[in-house]
Amino acid sequence: MRVWNLLNYGILKAMKLAVIIALFVLNTLRAQDSIIVREPVGKYELRITSKISYFGPGEAKVDYFAGHLLNNDYQNVISYNGPTDFQAFGIVDTCFHYFGTFGKKTELGKKQFIREQYVVDVYDVSVNFEAIDSIYEYDKSGDDYQEFTRSNRPFIDLNNHMLNDLSDSLWSHSADYLEFARICHDYVAQHFAYGDPLTGFHPIKKILENGGGDCGNLSSIWVNLLRIQGV
C-alpha cells in the first residue's frame, strides 16, 4: 500500500512538473508570437501563363522549372491549380518541376502553354521591437555563426575599407545589435540609389562604385555592414 501511494505521489509530481513546463512553453511561444505582427491586406488571385515555343525538326521534349508559392509569414496559399497538359514531377524547394513532350513538330513555332492559378491571403508583417526583452549572446563557436559572419567574395568583402569605416561609425551610434541593424538599414535606404534591375548580383566593389543597385545588391551592402561587426 505504501509503495502504491509513493508511486501515485511520484506520478502526481511528474504530472505537476509536466504542466508547469507546458505552461512555461506556451507562455514563451505567446511572447515570441507577439514579436511578429501580421496584419491582413486582402485576398488575391494570381494567374501565371508560360508559353514555350519549339523550333526545329524532330521530337521536342522540355524540362521546365517554375516558381511555386508556399505558405509563410507573408502569405497563406488558399488554393492552387496547376497545368493539365504537363506532367508535374513535384516540388523541389520552392519550384515545381514539369516535363512535357511536344511530339513531332508539325509546323514552325509549335507552342505549348503552362497555366497556373493561385488564391492567396496576403499579410503585412512588422516586428514589435518593444516585445523583445532579452538579446542573447551569439555562440561564436557554432557553424552557423562561422558561416554567416564570413566573407563571401566578391559579394561580401569584410576587408573593404570604405565599408569598415562606415560600419564602425554606425556601430558607435548604436546601443545594441537591433538598433545597429535598423541604423544600417536606414543608412543604405537613404544613401544608396535603386537601379540596374534584372541584371543579377554584382560584386560589392561595383555596387559601391555605382552608388547602389537593385534590391539584391542593396541587401549586399546591408549584410556587409552587419557582418563586419560580427552580426
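Values in this document were obtained by computation on a predicted structure and should not be read as measured data. (Residues numbered from 1 in each chain as written. Predicted model: local features only at pLDDT ≥ 70, side-chain atom pairs only at ≥ 80, totals over all residues. Heavy atoms only, no water.)

Would you explain the overall build of the chain in this entry?
Each helix and strand in the chain was counted, giving 6 helices and 8 strands. Starting at the N terminus and walking to the C terminus, you meet the elements of the chain as α-β-β-β-β-β-β-α-α-α-β-α-β-α. When burial is assessed residue by residue, the chain has 28% of its 231 residues classed as buried. Here the analysis covers contacts within the chain between residues at least 6 apart in sequence; of these, 72% occur between residues at least 24 apart. Working note: accessible area of the chain is about 16000 Å², and carbon and sulfur atoms make up 58% of it. (Helix = DSSP H or I, 4+ residues; strand = E, 2+ residues; numbered from the N terminus. Buried < 20%, exposed > 50% of the residue type's maximum accessible area, 1.4 Å probe, protein only. Contact = heavy atoms within 4.5 Å. Areas by Shrake-Rupley, 256 points an atom, 1.4 Å probe, with all protein chains shown as cover.)

Just to check I follow, could you spell out a nonpolar patch on the surface for this structure?
Together, Ile 36, Val 127, Phe 129, Ile 135 and Leu 178 make up an exposed nonpolar region whose accessible area comes to about 390 Å². Within the element layout of this structure, Leu 178 appears in helix 4 (residues 177-191). (Patch = residues over 30% accessible without salt bridge, like charges linked within 9 Å, V, L, I, M, F, W, Y side chains within 5 Å. Salt bridge = Lys/Arg side-chain N within 4 Å of Asp/Glu carboxyl O.)

Just checking my understanding: could you explain helix 6 (residues 215-228) for this structure?
Taking 1.5 Å as the rise per residue, helix 6 with 14 residues should run 20 Å; its terminal C-alpha atoms sit 20 Å apart, in good agreement. Listed in full, the buried residues belonging to helix 6 are Gly 216, Asn 217, Leu 218, Ser 220, Ile 221, Asn 224, Leu 225, Leu 226, Arg 227 and Ile 228. Against the buried residues of helix 6 lie helix 2 (143-148), helix 3 (161-172), helix 4, strand 7 (193-194), helix 5 (204-210) and strand 8 (212-213). Note on helix 6: the residue one or two positions beyond its end, Gly 230, has a positive phi of about 80 degrees. (Expected span 1.5 Å × (residues − 1).)

Before we go on, may I ask you to explain helix 3 in this structure?
The α-helix winds at 3.6 residues per turn, so residues separated by three or four positions along the chain end up facing the same way. Over its 12 residues, helix 3 extends 17 Å from the first C-alpha to the last, a length consistent with the 16 Å expected when each residue adds 1.5 Å. Taken as a whole, helix 3 has its buried residues at Leu 163, Leu 166, Ser 167 and Leu 170. The buried side chains of helix 3 occupy one side of the element, clustering within an arc of 100 degrees when seen end-on. Across from the buried face of helix 3, at angles greater than 90 degrees, the exposed residues are His 161, Asp 165 and Ser 172. Where helix 3 is buried, its residues contact helix 4, helix 5 and helix 6. (Arc of directions from axis to C-beta.)

When you look at the nonpolar core in this model, what are you seeing that I'm missing?
Looking at soluble globular proteins, one finds that nonpolar side chains tend to be buried together. In terms of nonpolar packing, the biggest core is built from 20 residues, with Leu 163, Leu 170, Ile 221 and Leu 225 touching the most fellow members. Elements with a contribution of two residues or more to this core: helix 3, helix 4, helix 5 and helix 6. If we ignore the near neighbours within four places in the chain, the residues touching Ile 221 are Leu 163, Val 188, Phe 192, Ile 204 and Ile 207. (Core = buried A, V, L, I, M, F, W, Y, C linked by side-chain atoms within 4.5 Å.)

Mind showing me how you'd approach the pattern of salt bridges here?
Side chains that carry opposite charge are capable of pairing whenever their charged atoms lie near each other. A complete count under the given rule lists 6 salt bridges for this structure. As a salt-bridge pair, Arg 47 and Glu 45 come within 2.5 Å of each other at their nearest N and O atoms. Accessibility expressed as a relative area gives 46% for Glu 45, which makes it partly exposed. One salt bridge in this structure joins Arg 150 and Glu 147, with 3.3 Å as the shortest N-O distance. By relative accessible area, Glu 147 is classed as partly exposed at 36%. Overlapping salt bridges, with partners in common, bring together Glu 179, Arg 182 and Asp 186 in one network.

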